[in-house]
Amino acid sequence: MANTKLSAPGGNPSDVERIKRESNFLRGTLAASMLEPLSAGISDDDNRLMKFHGSYLQDDRDLRNEGQEQKLEPANQFMLRVRMPGGVAQPGQWLVMDELARKYGNGTLKLTTRQTFQMHGILKWNMKKTIQSIHQSLLDTIAACGGVNRDVMCNPNPYQSDIHAEVYEWSKRLSNDLLPRTRAYHELWLDEEMVASTPEQDVYEPMYGPLYLPRKFKIGIAVPPSNDIDVFSQDLGFIAIVENGKLAGFNIAIGGGMGMSHGDKETYPQLAKVIGYCKPEQIYDVAEKIITIQRDYGNRSQRKNARFKYTVDRLGLENVKAELESRLGWTLEAAKPYHFNDNGDRYGWVQGVGDKWHFTMFVQGGRIADYDGFELMTGLREIAKVHTGDFRLTANQNLIIADVTPQKKEEITELLGRYGLIDVQQYSGLRRSSMACVALPTCGLAMAEAERYLPVLIDKIEGILDENGLRNEEITIRMTGCPNGCARHALSEIGFIGKAPGKYNMYLGAAFDGSRLSKMYRENIGEEEILRELGILLTRYAKERNSGEHFGDFVIRAGVIAATTDGTNFHD
Amino acid sequence: MQLQATNSPFSQEQADLLNQLLPALNDAQKIWLSGYLAAAASAQASAPAAVPSATSPAAAPASKEVTILYGSQSGNGHGISKKAAKMLEEKGFHVTLSSMSDFKTNQLKKVEQLLVVVSTHGEGEPPDNAISFHEFLHSKRAPRLEGVKYSVLSLGDSSYEQYCQTGKEFDARLEALGATRFHDRVDCDVDFEEPTKAWLEGVLARLTEAQGGGGSAAAPVTAPAVAGPVAPSAPAVESAYSRTNPFEAEVLANINLNGRGSNKETRHLELSLEGSGLVYKPGDALGIYPHNDPELVDLLLAETKWDPQAEVVINKQGDKRPLREALIEYLEVTVLTKALLEKLAPLATNPDLAQLTAAGNEAAVKAYVKGRDLLDFVRDYGPLQGTAQDAVSHLRKIPVRLYSIASSQTANPDEVHLTIGAVRYDAFGRARKGVCSTQTAERLEVGDKIAVYVQPNNHFKLPEDPNTPIIMVGPGTGIAPFRSFMQEREETGAQGPSWLFFGDQHFTTDFLYQTEWQRWIKDGVLTRMDVAFSRDTDEKVYVQHRMRQHSKELYEWLDKGAVFYVCGDMKNMAKDVHQTLAEIISAEGGKSLEEAEAYLAEMKKSHRYQRDVY
């Protein structure tokens, strides 16, 4: 099947490739590791495999130094991520997550930038119970992390519920059909009997093979005019084309991704590029063939160059398209026109088709918790108890209480009011358009704060906004604790990447609709300098902007920063 | 004491020579000499005793054989017994020194002069190495002891209801068996030095009288026959520091071992022994002279309106200190006892006290004193009449606190480490604090000094054979001696398998010395470890549950000669562990529970079941 013109990069396979190869289809020594009683941790090798099961080991970095002095091991705990295509959760599922987070987790839920639940702080001996409860709620954590196709994103579209229902079905189908086939998950967590004889590998993992993918692989489906899921940040993006109120098909975009490494210009964020169009029923075929191209030609030697975007850039977009068509056995249609307005969320009540109502609420940093005087978690639990529709997690870490009947609307509005969940109006446009990854204390990769710090920084920027009459202006601002970019900082009008405690690289110039990457404006600066720079820029913006001009466009027109026209010139 | 022909077996000429020589000898020389003479004597065991012929038979009528039996938990009883043996040997007596558990009971009838030194534990129970002897003596198998003369020294703590109970029982039982009490029993409180000294002097005087005085009996001096005298211990250079002359040790580190969010606070204390000459072995304890909490003392002073600066007498020697200092550094204020209440009663003005102490109200008094302290008493029944001195004269010296040592001196030549759990709780409307543990937790900083001495514990020792397997059960601060064991075995390269059971409340915050155990497991110094965290699961899991889970292997280890150690809480843990152990031996060894108990008794006897419980 392999194309003779194309080839994978040489070099010795990375250690992760060895771990996968020796793992017997993602089992490794996890069963024994999880029972070992003297440590709450597991070995590095097993932790690599753990990702494929939707989890990995972290430690509370706030406690690292003192714990070491106390002769305690790092405060080991697991992060567990749910696979929940399109971010749709039934009220019963919400209640299960809520309970598990409080019983086994750290008492909070994180709504991720990829529309799912993440729990932190789960101890090793509670993992099995937690995963089993999730399974009983008809969700799972399979392939929520690791070198496989991840949870599939999908616009939660509260305006066109019928379109949403259809697109959502496709996202579910993609997510389910692209799952690994190994029974390791069921054996390890759900007590399924181990299969006596190992079947032939092609039967076992017909698509992935025993080595799975070189890196993670992300798919998302956008429904214009909303680009909330940042379709260009995906390895494989689909843009729904609606004709005459009906889903006609999808434009196909390939080779996007946010991650990079500090100081390495061979790594960069990249936008997916539209290569054609397919019909809805062809979507699985397209995805499968794209994945096998990455499986065969992705870089298995250098992990930081292993994402599909580098494969596409190395092989050439046209060559990848040709290879895809060759593997499909048919030719892609030409892409259809589409238009995006923004990549954010619209808040408050809206009426969808039929008589159903949808309420989109802002969740700061995506963190569901009870705070002093603000019982967000309790309020949502009370709503989940009476809600008859569903919950939709947005790609901006927000929440939609969807499909509310007119009869229920009053009751839910009352609960929203009682728990203070309706007061989004008090937030500035900047805060409502903010996003932050988890970072400290649990993320092992974070170099600086993100979720815990961005709200504080916004408090201070709001002073500048108020002085310039920009309080209600929607400007996207995203902060991420490391260059891997979980908060998609490179698609934000104001972006920050952590460099060191209290120090960030500052990025400007991304498009409001997620169609243009940003560029670094200042390197390694602290709060004082951030505020000084933004003070100057926002003041100029208030005075000099054209009507309807977004901040990201303004800084380019004003010559503050050059436009990044492609990931390959992100560092120029 | 000056030797004379009348009070010794020597002629006056010999006595004069000895009187010249003896005061010039240092301790090491005395020990050497006594060993030399003993060895010379036993070498001639079959020959007639080389007793100076000048000795008049009439001047030495009674036997010179003295048997000292001790029952000791913390090692104090053992220490006193050794001291008594040394003193008696210096006076020419032949001493057989043995722990009660090591003593062959069929020899009891042959004993002529018996000294019993025994402590009391918990609710009036004998210490571990006295249990079997205590049982034997109170059983029908106990022989009549008409020929035995005896005296008892009992050690205890008057804050317990059953004060010195075991000593009292031995005293009464020996009398009931027909033995003659040649010197009255002395009961010692935690501050035992002075009464012990008085008892020893009294015993020596009576024994010496029997030797020389009156010439009533005419028994000839017999040569040492069966039991050999105590061999002189290796004449190591002894430290100048001791219980009576504690060493001021500098704090090198003081760490809370419990992570954030724990219900507990366990301090890891590292002290410098540099220059002290103090020597300890794994299993030994360290005695600390603690200070009272100044805040508590200030509350007491505020309540009593006593002048903090007033000079008060703090001991029998008449030393004086300002009152506040005396209450912080010398006198016990945190324990109210029935005895103290009775002594203070005449000073109390509150008429309710008369009601409490009225005849027939013993149970109420007992209930009242339990868990209360001097401040409670003053608040409830004060003000007190008279001067501060009138009241504080009745206070005991602050008792020493003993902690099992958590380090090996082989691994840390100039240091000693302790594992101290901070005791804090609320009672009777006030926060209460353990004296020494919260001093360590709250008021002892790196660079500070604290008075310490080494308290040997010969009943909690690693097996001599480094290849012997060991099983260690040490939940909570009971882990301390096992850290010492592991350091020692690592340092000496001992190859014997080892198995540790540890437990506490929560894995994440209370796994004491976690990274050290992980390393010892990885390096193979520790063979296996099982842990029980009682509050991490719905059902509470303790060390005994882990033992039961592995009962088959555990019994195999025992069967192969493993030594079983338990350290920690006596009331619940050690009892449950013992019960579980008996059940495991019964189930896995196909024995009845009685046989299992006998198996354990035999293990105790052969020092394969050792406990350091408190």
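Conventions we followed
Residues numbered from 1 in each chain as written. Chains lettered and ligands numbered in written order. Predicted model: local features only at pLDDT ≥ 70, side-chain atom pairs only at ≥ 80, totals over all residues. Heavy atoms only, no water. pLDDT = per-residue confidence, 0-100. Contact = heavy atoms within 4.5 Å. Buried area = accessible area lost by both parts, 1.4 Å probe. Salt bridge = Lys/Arg side-chain N within 4 Å of Asp/Glu carboxyl O. Helix = DSSP H or I, 4+ residues; strand = E, 2+ residues; numbered from the N terminus. Buried < 20%, exposed > 50% of the residue type's maximum accessible area, 1.4 Å probe, protein only. Pairing = 2+ DSSP bridges. Axes fitted to C-alpha atoms, helices over the stretch in contact; angles between N-to-C directions. Polar contact = N/O pair within 3.5 Å; in protein donor to acceptor, adjacent residues only side chain to side chain. Phe/Tyr/Trp six-rings, centres within 6.5 Å; stacked < 30°, edge-to-face > 60°. Lys NZ or Arg CZ within 6 Å of the ring centre and 35° of its normal.

Q: Got a minute to help me understand the confidence of the model for chain B in this structure?
A: Detailed reading of the predicted coordinates is not advisable wherever pLDDT falls low. All names here are of chain B. Looking at chain B, pLDDT values average 87 and 88% of them are 70 or higher. The low-confidence segment residues 42–60, where pLDDT is below 50, has 15 contacts with residues more than four positions distant or belonging to other chains. Taken over the whole predicted complex, pTM reads 0.81, whereas the ipTM for its chain interfaces reads 0.86.

Q: Mind showing me how you'd approach the interface of chain A and chain B here?
A: When the parts of a complex come together, some accessible area is lost, and that lost area is often taken as the interface size. At the interface, 14 residues of chain A touch 21 residues of chain B. With both chains or domains summed, chain A and chain B bury close to 1600 Å², and 59% of this area falls on carbon and sulfur atoms. For the chain A face of the interface with chain B, the top three residues by lost area are L38, K71 and L72 of chain A, together amounting to 47%. A salt bridge links E516 of chain B to K71 of chain A, with the shortest nitrogen-to-oxygen separation between them at 3.2 Å.

Q: Please clarify how unusual backbone geometry should be interpreted in this entry.
A: Leaving glycine out, the prevailing phi sign among residues is negative, and the prevailing peptide bond configuration is trans. A cis geometry characterises the amide bond from L440 of chain A onward to P441 of chain A, with omega recorded as 10°. Counting through the fold element by element, P441 of chain A comes out in the loop between strand 18 (434–436) and helix 16 (454–467). In this model, G382 of chain B is joined to P383 of chain B through a cis peptide bond whose omega is -5°. Position of P383 of chain B relative to the elements: it lies in the loop between helix 12 (374–381) and helix 13 (388–392). The phi dihedral of K71 of chain A is positive, around 65°, even though this residue is not glycine. Positive phi is not limited to glycine here, since K305 of chain B has a value of about 60°. Within the element layout of this structure, K305 of chain B appears in the loop between helix 7 (294–304) and strand 10 (311–313). For K305 of chain B, a relative accessible area of 73% corresponds to the exposed category.

Q: I'm lost on the environment of V66 of chain B in this one. Help?
A: Mapped onto the elements, V66 of chain B comes out in strand 1 (residues 65–71). Not counting chain neighbours up to four residues away, the residues in contact with V66 of chain B comprise L88, F93, H94, V95, T96, Q113, L115 and L207 of chain B.

Q: Just checking my understanding: could you explain the sheet that holds strand 13 (residues 415–421) of chain B for this structure?
A: By way of backbone hydrogen bonds, the strands of a sheet pair with one another, either parallel or antiparallel. Residues and elements named next belong to chain B. The antiparallel open sheet is built from 6 strands, whose spatial order is 12-9-16-7-8-13. The sheet is open, and its two edges are formed by strand 12 (401–404) and strand 13, each paired on a single side. Taking the axes of each pair of neighbouring strands and ignoring which way they run, one obtains an average angle of 40° across the sheet. Bridge analysis of strand 8 (residues 266–272) against strand 13 gives 7 bridges, and the strand direction is antiparallel.

Q: How do you make sense of the side chain of T580 of chain B when you look at a structure like this?
A: All names here are of chain B. Among the structural elements, T580 can be located in helix 20 (residues 570–589). A relative accessible area of 2% means that T580 is categorised as buried. Side-chain polar atoms of T580 contact the backbone oxygen of D576, separated by 2.7 Å. Sequence-distant contacts of T580, that is, excluding residues within four places in its chain, are made with Q544, M547 and R548.

Q: I would appreciate a short explanation of the packing of aromatic side chains in the present structure.
A: Given two aromatic rings, one states the distance between the centres and the angle between the planes to describe the pair. One pass over the structure, following the stated rule, counts 43 aromatic pairs over all chains. Arranged with centres 5.8 Å apart and planes meeting at 15°, the rings of F502 of chain B and F511 of chain B form a pair that is stacked. When sorted by exposure, F502 of chain B lands in the same class as F511 of chain B, which is buried. The rings of W125 of chain A together with F502, F507, F511 and F533 of chain B are connected pair by pair, giving a single aromatic cluster. The ring of W349 of chain A carries the charged tip of K409 of chain A above its face, separated from the ring centre by 5.1 Å.

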